[in-house]
Amino acid sequence: MPNNPPSDPHGFRRRGVLFVLSSPSGAGKSTIARRLLADEHELEMSVSVTTRPMRAGEVDGKDYHFTDLEGFRDMVANDEFLEWAHVFNHRYGTPRAQVEEMLAAGKDVLFDIDWQGAQQLFQIAGGDVVRVFIFPPSMEELHRRLTSRGTDSTEVIEARMSRAANEVSHWDGYDYVLVNDDVDSCIRGVKTILAAERLKRSRQTGLIGFIRRLTR
Ligand code: 5GP
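Residues numbered from 1 in each chain as written. Predicted model: local features only at pLDDT ≥ 70, side-chain atom pairs only at ≥ 80, totals over all residues. Heavy atoms only, no water.

1. Some remarks on the sheet that holds strand β3 (residues 49–50)
Taken together, four strands build an open sheet; the order of strands is β4-β3-β6-β5 and the sheet is mixed. The outermost strands of the open sheet, each flanked by one partner alone, are β4 (65–66) and β5 (81–87). Examined bridge by bridge, β5 and strand β6 (residues 90–95) share six bridges and lie antiparallel to one another. Within β6, the position partnered with histidine 86 by the bridge is arginine 91. (Pairing = 2+ DSSP bridges. Helix = DSSP H or I, 4+ residues; strand = E, 2+ residues; numbered from the N terminus.)

See the structure below:
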């Protein structure tokens, strides 16, 4: 995906990273994403559009862009999504324009999307995409976390638990997998992945000029 990526201390230009974090809901992905965004200044969050109802404490435009089915369908018809999918009887999609703007501004982009989104994004942007899957330490712990969150009804929690097993079964569509049994070490792992991916030779688009100067 063309962009005008961040430079490093040597003035190398590089392609932006499309950094995907997926996990069953409740595995700690939102906490990890928040901490990552606070510490990584060249990383920005892709805010998805969804038709699901807003949860208590969520902010429209920050957590999601909340819309109705008609609004979502219009966006699909106008090809405004990079990817979109049905998740839990609702629709979720990544607005294309926002991602393009972030890449053009020299940022890497963080996506909190499911396996269907990761698959679609990989189809479109292949080598620019890095896919990380986060496992909960156990299904019992996942259930405990979903319950203690206190934002969803028992029915919704049970639906999320049954979907979690399905979500986990797509682990082999990811480049990296981590277990979130300790959030700090999980965040360290995610940051290590991002740092290494940023340094990949294949992302350095400004190498030729440097090599010419080096060998002149
Ligand atoms: P939640 O309703 O708990 O916020 O999110 C439910 C699931 O939808 C999560 O697994 C989340 O990663 C996924 N999701 C959120 N936004 C998108 C999106 O734009 N595209 C896709 N494919 N999945 C998304």
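Next, the rest of the story.
2. A few points about the pattern of salt bridges
What the rule picks out here adds up to 20 salt bridges. Its salt-bridge partner being arginine 15, residue aspartate 128 comes within 2.9 Å of it at the nearest N-O pair. Here the residue aspartate 128 occupies a position in the loop between α4 (115–125) and β8 (129–135), and arginine 15 occupies one in the segment before β1 (18–22), the gap between them amounting to 113 residues. With a relative accessible area of 5%, aspartate 128 lands in the buried category. The class of arginine 15 is partly exposed, set by a relative accessible area of 25%. Where arginine 96 meets aspartate 79, a salt bridge forms, and the shortest distance between an N and an O atom there is 3.1 Å. Of this pair, arginine 96 sits in helix α3 (residues 96–104) while aspartate 79 sits in the loop between α2 (69–77) and β5, and the two are 17 residues apart along the sequence. It is possible to trace a salt-bridge network through shared partners that takes in Arg14, Glu40, Glu42, Asp108 and Arg198. (Salt bridge = Lys/Arg side-chain N within 4 Å of Asp/Glu carboxyl O. Buried < 20%, exposed > 50% of the residue type's maximum accessible area, 1.4 Å probe, protein only.)

3. Some points on the sheet that holds strand β2 (residues 43–45)
Pairing is parallel in the open sheet, where five strands are placed in the order β2-β7-β1-β8-β9. Each end of this open sheet is capped by a strand with a single partner; those strands are β2 and β9 (176–179). For this sheet, the mean angle separating the axes of adjacent strands, direction not counted, is 25°. Across three bridges, β2 lies against strand β7 (residues 108–112) in parallel orientation. Paired with leucine 43 across the two strands is aspartate 108, which belongs to β7. Contacting β1, β7 and β8, α4 runs over the sheet at an angle of about 165° to β8. The sheet strands contacting helix α7 (residues 183–199) are β1, β2, β7, β8 and β9, and the helix crosses β9 at an angle near 165°. (Axes fitted to C-alpha atoms, helices over the stretch in contact; angles between N-to-C directions. Contact = heavy atoms within 4.5 Å.)

4. Description of the site of the ligand
Taken together, 19 residues lie around the ligand, and Ser48, Arg52, Tyr64, Tyr92 and Asp112 are the ones closest in. Between an oxygen atom of the ligand and a side-chain N or O atom of serine 48, the distance comes to 2.7 Å. For the ligand, an oxygen atom lies 3.2 Å from a polar atom in the backbone of glycine 93. Isolated, the ligand exposes 510 Å² of accessible area, and the fraction of that covered by the protein chains is 95%. Elements represented by at least two residues in the shell around the ligand include exactly β5 and β6. For the shell around the ligand, the class distribution of residues is six nonpolar, six polar and seven charged. (Near = heavy atom within 4 Å. Polar contact = N/O pair within 3.5 Å; in protein donor to acceptor, adjacent residues only side chain to side chain. Areas by Shrake-Rupley, 256 points an atom, 1.4 Å probe, with all protein chains shown as cover. Nonpolar A, V, L, I, M, F, W, Y, C, P; charged D, E, K, R; others polar.)

5. Comments concerning unusual backbone geometry
We note that phenylalanine 88 has phi near 50°; this positive angle belongs to a residue other than glycine. Inspection of the secondary structure puts phenylalanine 88 in the loop between β5 and β6. What makes phenylalanine 88 partly exposed here is its relative accessible area of 23%. In this model, asparagine 89 sits at a positive phi of 65°, which is unusual for a non-glycine residue. Tracing the backbone shows asparagine 89 in the loop between β5 and β6.

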